[in-house]
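Okay, here's what each chain looks like letter by letter:
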Amino acid sequence: MIAVALAALSGLVWGAGDFAGGKATQRTPALVTAVLSKAASLPLLGLYLVLLPAAFHSAGVGWGMAAGLFGMSALVVFYRALSTGSMAVVAPVSAVTAAVVPLVVGLVIEEPPGPVALGGAGCAIVAIALVSMAPGGEVVRFDPRLIGLALASGAGFGMFFVFLKRAG
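What you are looking at is a predicted structure, and each value in this text was computed from that prediction instead of being measured.

Q: Where do I start with the environment of T84 in this structure?
A: Position of T84 relative to the elements: it lies in the loop between helix 4 (58-82) and helix 5 (87-109). It is 9.3 Å that separates the C-alpha atoms of T84 and K23, two residues lying 61 residues apart in sequence. Among the polar contacts listed, one links the side chain of T84 to the backbone oxygen of A81, at a separation of 2.8 Å.

Q: Would you take a moment to explain the packing of aromatic side chains for this structure?
A: Describing an aromatic ring pair means giving the distance of the ring centres and the angle of the ring planes. In the structure shown here, the tally under the stated rule is 5 aromatic pairs. Plain terms: the ring middles of F160 and F161 are 5.3 Å apart, the flat faces sit at 65° to each other, and that makes the pair edge-to-face. When its relative accessible area of 39% is taken as the criterion, F161 is described as partly exposed. Taken together, the ring pairs in this structure connect W63, F70 and F163 into an aromatic cluster.

Q: Where do I start with the environment of E110 in this structure?
A: As for its position among the elements, E110 is in the loop between helix 5 and helix 6 (115-131). With a relative accessible area of 34%, E110 lands in the partly exposed category. E110 has contacts with V105, K165 and R166, leaving out every residue within four places of it along the chain. At 3.0 Å, the side chain of E110 forms a polar contact with the side chain of R166.

Cut-offs applied
- Residues numbered from 1 in each chain as written.
- Predicted model: local features only at pLDDT ≥ 70, side-chain atom pairs only at ≥ 80, totals over all residues.
- Heavy atoms only, no water.
- Helix = DSSP H or I, 4+ residues; strand = E, 2+ residues; numbered from the N terminus.
- Polar contact = N/O pair within 3.5 Å; in protein donor to acceptor, adjacent residues only side chain to side chain.
- Phe/Tyr/Trp six-rings, centres within 6.5 Å; stacked < 30°, edge-to-face > 60°.
- Buried < 20%, exposed > 50% of the residue type's maximum accessible area, 1.4 Å probe, protein only.
- Contact = heavy atoms within 4.5 Å.

Structure representation (structure tokens):
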């Protein structure tokens, strides 16, 4: 039960952060918004490092740096896409892409996931089409460049997860 509560809280925090970041980038450049949002998290990171010290390994630091590079780049692109105001299109496309990239990397590099994971990925892809539908059943008109930004940010987030797993 605690896992469900933590997952819900995590989703709420991520969603609020995405919304706030998208709104902030309507007034400031995406890079500035991303850097300030990360800088605001540094005290929490410091507290984490003090309370839960861990041994550092050079390979892990390298993978972590690669993850950070992809994650920060993806966040800037994501905020840029959100600044257009099309959050209902950008967020789900980016989220599903971020889930599919590690799945594909896992299929190529590691053992294939089970049927439940593959079924979940299929459902998520169908969800993009459903979320992109207007209430009357019409497909929402959007800019292909916007979809490109959403896909690029999702791919960056997906690679963030791939490299973060490698970091240990």
